[in-house]
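# Working through the structure, step by step
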Amino acid sequence: MKRWVITLGTDQSVSEVSREVSKTGFAVEQVLDQIGCITGSGSDEVARKLRKIPGVADVSPDVDSQIPPPDESVTW
């Protein structure tokens with residue numbers, strides 16, 4: 001299982017797409033309706049299925065990132 005971020009298009013409601021992605025076996029963790037994203041986990045096969053759902057604009061691996069302290073010289 002991998003963590004994924006689903007970015008939605010503007011033609012479908014977030015709640016509709018959330019229901020549809022759940023049907024593929026995707027484990028929805030967060031529905032971020034303000035920014036049109038859904039996060040969760042599933043296999044690579046599930047990610048391939050997600051990309052075919054109407055309203056899904058993109059499916060990308062979720063990566064950890066941290067913001068360094070303000071006095072740090074390296075920002076990434």
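These numbers come from a predicted model, not from an experiment.

With that settled, consider helix H1 (residues 14-23). If you check which residues of H1 are buried, you get Val-14, Val-17, Ser-18 and Val-21. Looking down the long axis of H1, one finds its buried residues gathered within 105° of arc, a one-sided arrangement. Buried residues in H1 make contact with strand S1 (2-8), strand S2 (27-32), strand S3 (37-42), helix H2 (44-50) and strand S4 (56-61).

On the basis of which strands lie adjacent, the open sheet formed by four strands has the order S2-S3-S1-S4 and antiparallel pairing. Strands with a single pairing partner mark the edges of an open sheet, and in this sheet they are S2 and S4. Across the sheet, the mean angle separating the axes of adjacent strands is 20° when strand polarity is ignored. Alignment of S1 against S4, held across five bridges, turns out to be antiparallel. Looking across to S4, one finds that Trp-4 is bridged to Pro-61.

Before going further, it helps to spend a moment on the pattern of salt bridges. This model, assessed by the stated rule, comprises five salt bridges. Residue Arg-48 pairs with Glu-45 through a salt bridge whose shortest N-O separation is 3.0 Å. Pair noted here: Arg-48 and Glu-45 are both in helix H2, with a separation of three residues, about one helical turn. Using a relative accessible area of 39% as the deciding quantity, one classes Glu-45 as partly exposed. Bridged by salt links that share partners, the residues Arg-3, Glu-29 and Asp-62 form one connected network.

In this section: the environment of Asp-33. Examined against the element boundaries, Asp-33 turns out to sit in the loop between S2 and S3. Its relative accessible area of 51% is what places Asp-33 among the exposed residues. Along the sequence, Asp-33 and Leu-8 sit 25 residues apart, while their C-alpha atoms lie 9.3 Å from each other.

Another aspect to go through is the side chain of Ser-41. Residue position: Ser-41 is located in strand S3. A relative accessible area of 13% places Ser-41 in the buried class. Residues contacting Ser-41, with those up to four places away along its chain left out, are Met-1, Lys-2, Arg-3, Trp-4, Gly-25, Phe-26, Ala-27 and Glu-29.

Rules and cut-offs
- Residues numbered from 1 in each chain as written.
- Predicted model: local features only at pLDDT ≥ 70, side-chain atom pairs only at ≥ 80, totals over all residues.
- Heavy atoms only, no water.
- Buried < 20%, exposed > 50% of the residue type's maximum accessible area, 1.4 Å probe, protein only.
- Helix = DSSP H or I, 4+ residues; strand = E, 2+ residues; numbered from the N terminus.
- Arc of directions from axis to C-beta.
- Contact = heavy atoms within 4.5 Å.
- Pairing = 2+ DSSP bridges.
- Axes fitted to C-alpha atoms, helices over the stretch in contact; angles between N-to-C directions.
- Salt bridge = Lys/Arg side-chain N within 4 Å of Asp/Glu carboxyl O.

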